[in-house]
Amino acid sequence: MSSCRDKTSVDGRALIQALATAIGQFSQHVEQINEMNVFPVPDGDTGINMYHTLQRAYSEISDLDDADVAEVSRRFAYGALMGARGNSGTILSQLLKGFAEQLQTAETLNTPAFALACKCAVQFAYAAVTSPVEGTILTVAREATETLELHVDDSVPLSEALNILVHAARVSLHRTPELLPVLKESGVVDSGALGLVSFLQGLASDDGKFDSPEKADSPVAAGPGASMDSSGDASYGYDVQFLMLGKDLNIAQIRQALEQVGWSLLVVGDDSTVKVHIHVDNPALPIDYAVQSGATLDDIVIENMELQFQRRPRQVPSSATLPIQLIPNAYGVIAVAPGDGLRAVFEDLGCEAVIAGGQGRNPSVEDFLISIESVNASNVFILPNNRNIIMTARQAAATTDETRVDVLPTTSVVEGISALIALRSFEDSGEDSGGDLDSAICEMRAAAQQVCSIEITRATRESRFGGLAIRSGDYLATGDGQILAAGATIEASVLDSLAKVLKAEHELATLYYGDGIQEREAAKLIERLSFFYSELEFDLVFGGQDLYPYLIGLE
């Protein structure tokens, strides 16, 4: 914290300045952090995820003029939670949550309090991860904090304590390849750990003034429902979002009042800051309510969803598929999918909300919360369909109180589609007698585990992985967290990967072709694959995903 040089403590205003400086400097290292991706693929997004998380955190404190350290820390941590994206962003949000938890009554921040807050931060982050892996951001946070505890006391200035933390974090960062062999083989350090070090270095910066980061993009609800306008025609209405600032705000009362004026309602926060998201026919109604309540409004966003629907007809289902249901379903499904074609696949299978996202575009906790609110069901299944989204989805599920949310740990869209088909088969079998959720979950898990997923993309750099020598520009076939094959052509990469994973029980191979691939080109690939694997039935589906020319499911 550049403004705390030789000081024994800092106030809330200085902390805001330090955080903003850190985010401003972090933004300069986003691409470098992205490039630390273990796989040499074009969708490395650790830096992007952490930056979006920090941007959203800053949006909660950017309007504070006079607040103590406790308030700054609490609001910053809340914003980070709402904006958390990917594993790295979610773990970072938990670090910040633990840090704020220790400072609940702090007016200023001194060295002993800083050390205790760092220790609490590490405890929260480790608790949030089901199976912590050493050699990651967790290790760097823990080892840096342990060093801090050993070398500081009440006499050490806060700036020196921070420098000790940063130095220890850098030392730990360089050790990550020794703890995680996959990093060593790929010749990189852990990307999430590098992001944490970059953020801490920004906090300790002495560069002085800077341009404050822009506020994070407003979340966009996925799968909006339709209402009826005065003529009786379906209307998508307006998407309205704003912050309510004040004292003794009653979330339950606010939610109850706004439920009368719109749908897809999200009301989260505390007694001083409430985030509202709602879909309405008349955007003046929720805003007028908030003003009349005496709250101060900020960060107001109004979007015309009817115009969005007309401009992007393939992004949302037609009004004919969106009947108003007054009685909640037993359960609803939320899925994450990249591309128009894959969105349509999930919608055709009865998915109530599809969040646009995937590799390189991870949705935030707030995105999931908005979708959970929009689904007309008392129980919700989430299909993250990506390894880097599962933790974020689970964090969103843990944040909800009134709805049971189960996260199925699907790691690819192929697994998600298989799980959803299993759910529909379960329903059609008549075994679902009013909500046997656990049985449905078992069926979905089993289906997801049985399908084999292969993803084809391009290598962005030379690398070695699992004994494979990879050249920049090679077509990579990945699956189950591994690189299965690398070849100069798509056909070679697919054939090599099929040779490794194909089993006797596999009967069907479904190819989802992406944006930029012509149907005739995909059909020609299937013709060639059929020559080598005549025992397989091949199916071709438009996916529309970017970065990945083909996604392949084997059943």
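Above: the structure in question.
The following paragraphs examine the structure supplied in this document. As the structure is a computational prediction, the values presented were derived from the model and not from experiment.

Reading the values: rules and limits
- Every residue gets a number counted from 1 within its own chain, in the order that chain's sequence is written.
- Owing to the predicted nature of the model, reporting of local features is limited to residues with pLDDT of at least 70; listing and counting of side-chain atom pairs is limited to 80 or more, with chain, interface and lining totals taken over all residues.
- Calculation of side-chain values draws on the structure's entire complement of heavy atoms; hydrogens and water are dropped beforehand.
- A run of DSSP states H or I qualifies as a helix once it reaches four residues; a run of E qualifies as a strand once it reaches two. Both are numbered from the N-terminal end.
- Burial here depends on accessible area, computed with a 1.4 Å probe over protein chains only, as a share of the maximum for the residue type. Under 20% is buried, over 50% is exposed, and the range in between is partly exposed.
- We call two residues contacting when some pair of their heavy atoms lies within 4.5 Å.
- Surface accessibility in these figures is a Shrake-Rupley result with a 1.4 Å probe; residues are shielded only by whichever protein chains are displayed.
- A pocket, in this scheme, is an open set of points on a 1 Å grid over the protein atoms alone with protein on both sides within 12 Å along at least 5 of 7 lines, while a cavity is a set where a 1.4 Å probe fits but cannot get out; residues line either one if an atom lies within 4 Å of a point.
- Grid points are joined across faces, edges and corners, and a volume is the space filled by probe spheres set on the points.
- Should DSSP find at least two bridges between two strands, the strands are regarded as paired.
- Here an angle of 0 to 180 degrees is reported between the N-to-C directions of two axes, which are lines fitted to C-alpha atoms, with helices fitted over the stretch in contact.
- For salt bridges, the criterion is a side-chain nitrogen of Lys or Arg within 4 Å of an Asp or Glu carboxyl oxygen.
- Multiplying 1.5 Å by the residue count of a helix minus one yields the expected span of that helix.
- Buried Ala, Val, Leu, Ile, Met, Phe, Trp, Tyr and Cys residues form a nonpolar core when they are joined through side-chain atoms within 4.5 Å.

Once that is clear, we can look at the overall build of the protein chain. In terms of helices and strands, the protein chain carries 20 helices and 20 strands. Here the protein chain, with 555 residues, has 56% of them falling under the buried criterion. Sequence separation of 24 or more characterises 70% of the internal contacts of the protein chain that already satisfy a separation of 6 or more. Accessible surface computed for the protein chain: about 23,800 Å², of which carbon and sulfur atoms make up 48%.

Before going further, it helps to examine empty space enclosed by the protein. Take a probe with the size of a water molecule and roll it over the atoms, and the empty space left behind shows itself. Considering all chains together, one arrives at 2 cavities of 30 Å³ or more under this definition. Here the largest cavity is characterised by a volume of approximately 360 Å³. L96, F99, F199, L200 and L203 are, among the 26 residues lining the largest cavity, the residues nearest its centre. Of all the elements in the fold, those that place two or more residues in the lining of the largest cavity are α1 (12-26), α4 (69-83), α5 (86-102), α6 (111-128), α7 (137-151), α8 (158-179) and α10 (191-203). The dominant element in the lining of the largest cavity, judged by the number of residues it contributes, is α5, at 5 residues.

Okay, the sheet that holds strand β18 (residues 508-513) next. The mixed open sheet is built from 6 strands, whose spatial order is β17-β16-β13-β20-β18-β19. Among the strands making up the open sheet, the edge pair consists of β17 (482-487) and β19 (537-542). On average, each strand axis in the sheet is inclined to that of its neighbour by 20°, with strand direction left out of account. Bridge count between β18 and β19: 6 bridges; the pairing is parallel. In the sheet register, Y513 faces β19, and the bridge partner there is F542. Strands β18, β19 and β20 (550-554) of the sheet are contacted by helix α20 (residues 519-532), whose axis makes an angle of about 165° with β19.

The next point concerns the pattern of salt bridges. Side chains that carry opposite charge are capable of pairing whenever their charged atoms lie near each other. By the definition in use, this model includes 17 salt bridges. Where R142 meets E146, a salt bridge forms, and the shortest distance between an N and an O atom there is 3.3 Å. A residue pair is termed a helical-turn pair when its members lie 3 or 4 positions apart in one helix, as R142 and E146 do in helix α7 at 4 residues. Because the salt bridges share partners, they merge into one network encompassing D63, E71, R74 and R75.

Moving on to the pairing of strand β5 (residues 238-245). Most of β5 sits out of view: 7 of its 8 residues are buried. In terms of strand pairing, β5 meets strand β7 (residues 273-280) through 8 bridges, oriented antiparallel. Counted as the bridge partner of V240 is I278 from β7. Here β5 runs beside strand β8 (residues 296-304); their pairing, made up of 7 bridges, is antiparallel. Bridge pairing in β8 places L245 opposite T296.

Our next topic: helix α19 (residues 490-501). Relative to the 16 Å expected for 12 residues at 1.5 Å per residue, α19 spans 17 Å between its end C-alpha atoms, a close match to the ideal helical length. Buried within α19 we find I490, S493, V494, L495, S497, L498 and V501. Looking at the buried positions of α19, the neighbouring elements they touch are β13 (452-458), β16 (475-479), β17, α20 and β20.

A few words on the nonpolar core. Core analysis: the largest hydrophobic core is formed by 80 residues, its most contacted members being F76, F114 and L148. Those residues in contact with L148 that sit more than four places away from it in its chain are F114, A115, C118, A161, I164 and L165. Judged by nonpolar contacts, the second largest core, of 28 residues, contains A335, C351, A448 and Y512.

With that settled, consider unusual backbone geometry. What you tend to see is this: most non-glycine residues have negative phi, and most peptide bonds are trans. We note that N385 has phi near 60°; this positive angle belongs to a residue other than glycine. Turning to its location among the elements, N385 is positioned in the loop between β11 (379-383) and α16 (390-399). Its relative accessible area of 5% is what places N385 among the buried residues.

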